[in-house]
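Next come the chains, spelled out residue by residue.
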Amino acid sequence: MVENMLTNAVAYLLFIGLCALLKFRVKADKFIVPLMTFATCFVFYLFCKDFQTGNEKITTLLWDSSRSGDIKIDIISSLNNCKIVFPFFIITLIALFNNLFFRYESNKREFAAILIFNLLSLIMLIAGNNLIQIITFVFVIDILSQLFIKDIYASRRYSIYNLVADMGLFLVMAMLKGKLETLEIGSVGHYYETGRHRDFIMFVIMVSLFIKMGFFLFQSYLLDLKNTKFHKLILIYYLSTPMVALILFMKFYPLLVVSPSFEMCLNIAIVLTMCWGTIGMIAMNNLKEKTVYLNMLIMAIVVKLLQCSEFIWSMQLSIMLVAGFCLNL
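Residues numbered from 1 in each chain as written. Predicted model: local features only at pLDDT ≥ 70, side-chain atom pairs only at ≥ 80, totals over all residues. Heavy atoms only, no water.

*Asks:* Please explain the packing of aromatic side chains as it appears in this structure.
*Replies:* A ring pair, where both rings are aromatic, is described by two values, the distance of the centres and the angle of the planes. Counted according to the given criterion, the structure contains 18 aromatic pairs. With a centroid separation of 6.3 Å and an interplanar angle of 50 degrees, the aromatic rings of phenylalanine 88 and tryptophan 313 are classed as tilted. Of the two residues, phenylalanine 88 is situated in helix α3 (residues 79-101) and tryptophan 313 in the loop between α13 (287-308) and α14 (315-328); the sequence distance between them amounts to 225 residues. Between the aromatic rings of tyrosine 253 and phenylalanine 311, the centroid separation amounts to 4.5 Å while the plane-to-plane angle is 20 degrees, which identifies the pairing as stacked. Placement of tyrosine 253 in helix α11 (residues 253-256) and of phenylalanine 311 in the loop between α13 and α14 is noted, with a sequence separation of 58 residues between them. For phenylalanine 311, a relative accessible area of 7% translates into the label buried. Among the aromatic residues, those joined into a cluster by ring pairs are Phe210, Phe215, Phe249, Tyr253, Phe262 and Phe311. (Phe/Tyr/Trp six-rings, centres within 6.5 Å; stacked < 30°, edge-to-face > 60°. Helix = DSSP H or I, 4+ residues; strand = E, 2+ residues; numbered from the N terminus. Buried < 20%, exposed > 50% of the residue type's maximum accessible area, 1.4 Å probe, protein only.)

This is how it looks when you write it as structure tokens:
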């Protein structure tokens, strides 16, 4: 067995997800779905067992070579990365068990497969160190989240907003690519033209991530999801786009903090989002719209906790996310 807990988790989850895509009789789903759920629990058990060792291991696969540098798929199994993966693993397991007993979900096996592939993609995003790998799995998670949305109008709006946000991130990565010797995320702090473009880069990244989080002024595309089934609506918040933005916030922190306006802009956005989320939660009559505003408020609190810990993941963040998901559920 490879001594990399996240590599093992990715391999096992990929196997479980691919098995779920095989063609079976509909009657077999009553056995396959629980089997998938308990298999994922076993992977979580192995993850926690290896988690306790705290050893850092790196698995690297060469994707492609170019003049700009090698494009690699990295799975960095560090203690910090495992701490970030931990709450998403728990939320996915809760969602899988809820899927076993939720009678209004007609395609339980497909739904479970999407959850597993989404968790796999989150792990690859968290454990990645290459800019191309990072933006690739941002796109993958955006695509998977579309499978939760059945309403055409809401799906189109969701796609447009995320496309704008992703293009903003792609713009920043294109600017970095021309100035960095490698495509590693750890080198973004050495971007020597940050002095010229630091405020512009900070503004583009912040707006892109605020769109994905559904912060103040950007919550309308999430409000359109009120026709989505409730159990899928909360998964979009806790396993999809807003969580991607949270992860990217930490990865781009060395680049954001260079701008002297970063702290002020972030604090203003957090305060406005908290106020707007509280007002919307009280004023809205529709329960799903209340949920969107509630999660907007929770997301702002999580970002503030992350800021207070200097963008290092803490146990309080994990507890906050799992508790928020359970409150919604």
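After presenting the structure, the write-up continues.
*Asks:* Could you clarify how one ought to interpret the pattern of salt bridges in this entry?
*Replies:* Here the idea is simple: oppositely charged side chains can pair when their charged atoms come close. A complete count under the given rule lists four salt bridges for this structure. We note a salt bridge from lysine 212 to aspartate 142, for which the minimum N-O separation is 3.2 Å. A residue pair is termed long-range when its members are at least 10 positions apart, and lysine 212 in helix α7 (residues 194-213) and aspartate 142 in helix α5 (residues 131-146) qualify at 70 residues. Accessibility assignment for this pair places lysine 212 and aspartate 142 in one class, buried. (Salt bridge = Lys/Arg side-chain N within 4 Å of Asp/Glu carboxyl O.)

*Asks:* I tried to follow a nonpolar patch on the surface on my own but got confused; where do I start?
*Replies:* On the surface, a nonpolar cluster with roughly 280 Å² of combined accessible area is contributed by Leu14, Leu18 and Leu21. Topologically, leucine 21 is positioned in the loop between α1 (5-20) and α2 (29-51). We classify leucine 21 as exposed; its relative accessible area is 54%. (Patch = residues over 30% accessible without salt bridge, like charges linked within 9 Å, V, L, I, M, F, W, Y side chains within 5 Å. Areas by Shrake-Rupley, 256 points an atom, 1.4 Å probe, with all protein chains shown as cover.)

*Asks:* Is there a simple way to explain the packing of helix α9 (residues 230-239) against α14 in this structure?
*Replies:* Angle between the axes and distance between the axes are the two parameters that describe a pair of packed helices. With their axes 10 Å apart at the nearest point, α9 and α14 run at an angle of 165 degrees to one another. By the angle between their directions, the pair α9 and α14 is classed as roughly antiparallel. Crossing of α9 over α14 shows right-handed handedness. Taking contact as the criterion, the partners of Phe230, Ile234, Leu235 and Tyr238 in α9 are, on α14, Leu321, Gly324, Phe325 and Asn328. Across the contact of α9 with α14, the residue classes tally to six nonpolar, two polar and no charged. (Axes fitted to C-alpha atoms, helices over the stretch in contact; angles between N-to-C directions. Parallel < 35°, antiparallel > 145°, perpendicular 65-115°, else oblique. Left-handed = near helix turned anticlockwise from the far one by under 90°. Contact = heavy atoms within 4.5 Å. Nonpolar A, V, L, I, M, F, W, Y, C, P; charged D, E, K, R; others polar.)

By themselves, these figures tell us nothing about what the structure is for.
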